[in-house]
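Next come the chains, spelled out residue by residue.
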Amino acid sequence: EAQVTQNPRYLITVTGKKLTVTCSQNMNHEYMSWYRQDPGLGLRQIYYSMNVEVTDKGDVPEGYKVSRKEKRNFPLILESPSPNQTSLYFCASSSSGVRNEQFFGPGTRLTVL
Amino acid sequence: GENVEQHPSTLSVQEGDSAVIKCTYSDSASNYFPWYKQELGKGPQLIIDIRSNVGEKKDQRIAVTLNKTAKHFSLHITETQPEDSAVYFCALIRGNQFYFGTGTSLTVIP
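Residues numbered from 1 in each chain as written. Chains lettered and ligands numbered in written order. Predicted model: local features only at pLDDT ≥ 70, side-chain atom pairs only at ≥ 80, totals over all residues. Heavy atoms only, no water.

K.L.:
How should I be thinking about the overall build of chain A in this particular structure?
P.N.:
Across its full length, chain A carries zero helices and 11 strands. With respect to the principal axes defined by its C-alpha atoms, chain A has extents near 40 × 30 × 25 Å. Taking as baseline every contact in chain A between residues at least 6 positions apart, the subset at least 24 positions apart corresponds to 53%. With an accessible surface of roughly 5,300 Å², chain A has 50% of that area assigned to carbon and sulfur atoms. (Helix = DSSP H or I, 4+ residues; strand = E, 2+ residues; numbered from the N terminus. Contact = heavy atoms within 4.5 Å. Areas by Shrake-Rupley, 256 points an atom, 1.4 Å probe, with all protein chains shown as cover.)

This is the structure we're talking about:
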């Protein structure tokens with residue numbers, strides 16, 4: 001089944017404790033992206049990757065890191081999480097450039113205390 | 001960044017009526033405008049998209065119109081059904097970056 005998977009689905013952590021949210025897709029997509037969703041703000045792009053070893057900042061990259069060492073994986077790293085990073089996070093992927101359907105993962109709900 | 005304004009933020013309609021959601025934007029270089037539907041507890045899913053070389057696109061009960069001169073695009077859902085109840089997001093691309101609207105919570109009343 002073609003899908004985007006994220007882990008964990010739920011995470012409660014404390015300020016300053018490094019964490020990684022994994023994202024994997026099995027559709028051989030070039031473009032991958034991370035978003036955060038907050039009430040009243042919609043979806044905001046954190047980072048995106050056009051292909052392996054190519055990553056770029058989105059609209060809200062502060063406090064986040066990403067890597068794209070393999071085509072299928074695009075982990076989101078929070079080196080020192082803070083309470084304002086409490087949010088719902090989505091990973092997405094699309095094929096052959098950005099002007100195609102993005103397939104979203106199920107989301108990761110992160111709470112930073 | 002790009003500013004995408006989406007209205008209304010909430011919309012309630014009777015089953016069978018039509019629903020219209022509108023988005024406005026500022027960057028005239030944008031040329032791809034997708035609409036996503038998000039059901040409770042799930043990730044967004046593409047329902048329709050339009051490119052800047054056309055003014056309207058239809059897919060059964062769903063249509064999208066684009067006015068590049070006025071910089072707005074709209075989602076039209078006809079003959080609404082309870083399963084249309086969800087949050088709808090407009091989006092556009094500037095370069096390789098996506099910008100989403102703030103979402104419209106649509107409730108279809110049986």
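Text resumes after the structure shown.
K.L.:
Just to check I follow, could you spell out the nonpolar core for this structure?
P.N.:
Residue and element names in this part refer to chain B. Counting residues in hydrophobic clusters, the biggest one holds 25 residues, and the most contacted among them are W35, F73, L75, Y88 and L106. Elements with a contribution of two residues or more to this core: β2 (10-14), β3 (19-24), β4 (32-38), β5 (45-51), β7 (62-67), β8 (72-77), β9 (86-94) and β11 (104-109). In terms of residue count, β9 provides more of this core than any other element does, four residues in total. In this view, Y88 contacts Q6, I21, Y36, K37, I47, L75, I77, G103, T104 and L106; residues no more than four positions away in its chain are not counted. (Core = buried A, V, L, I, M, F, W, Y, C linked by side-chain atoms within 4.5 Å. Buried < 20%, exposed > 50% of the residue type's maximum accessible area, 1.4 Å probe, protein only.)

K.L.:
How do you make sense of the interface of chain B and chain A when you look at a structure like this?
P.N.:
Where interface size is quoted, it is often the accessible area lost as the parts come together. At the interface, 21 residues of chain B touch 23 residues of chain A. Where chain B abuts chain A, roughly 1,800 Å² becomes buried across the two surfaces, and 51% of that area is made up of carbon and sulfur atoms. Linking chain B with chain A are zero salt bridges. At the boundary of chain B with chain A, the tally comes to seven residue pairs in polar contact (both at pLDDT 80 or more). Secondary-structure elements contributing two or more residues to the side of chain B that touches chain A are β4, β5, β9 and β10 (97-100) of chain B. For the side of chain B that touches chain A, the element with the most residues is β10 of chain B, which contributes four residues. (Buried area = accessible area lost by both parts, 1.4 Å probe. Salt bridge = Lys/Arg side-chain N within 4 Å of Asp/Glu carboxyl O. Polar contact = N/O pair within 3.5 Å; in protein donor to acceptor, adjacent residues only side chain to side chain.)

K.L.:
Is there a simple way to think about the sheet that holds strand β3 (residues 19-25) of chain A in this case?
P.N.:
Residues and elements named next belong to chain A. Spatially, the four strands line up as an open sheet ordered β1-β3-β8-β7, and their pairing is antiparallel. With one partner strand each, in any of the chains shown, β1 (4-7) and β7 (65-66) form the two edges of the open sheet. The pairing of β3 with strand β8 (residues 76-78) spans three bridges and is classified as antiparallel. Counterpart to V21 in the pairing with β8 is L76. (Pairing = 2+ DSSP bridges.)

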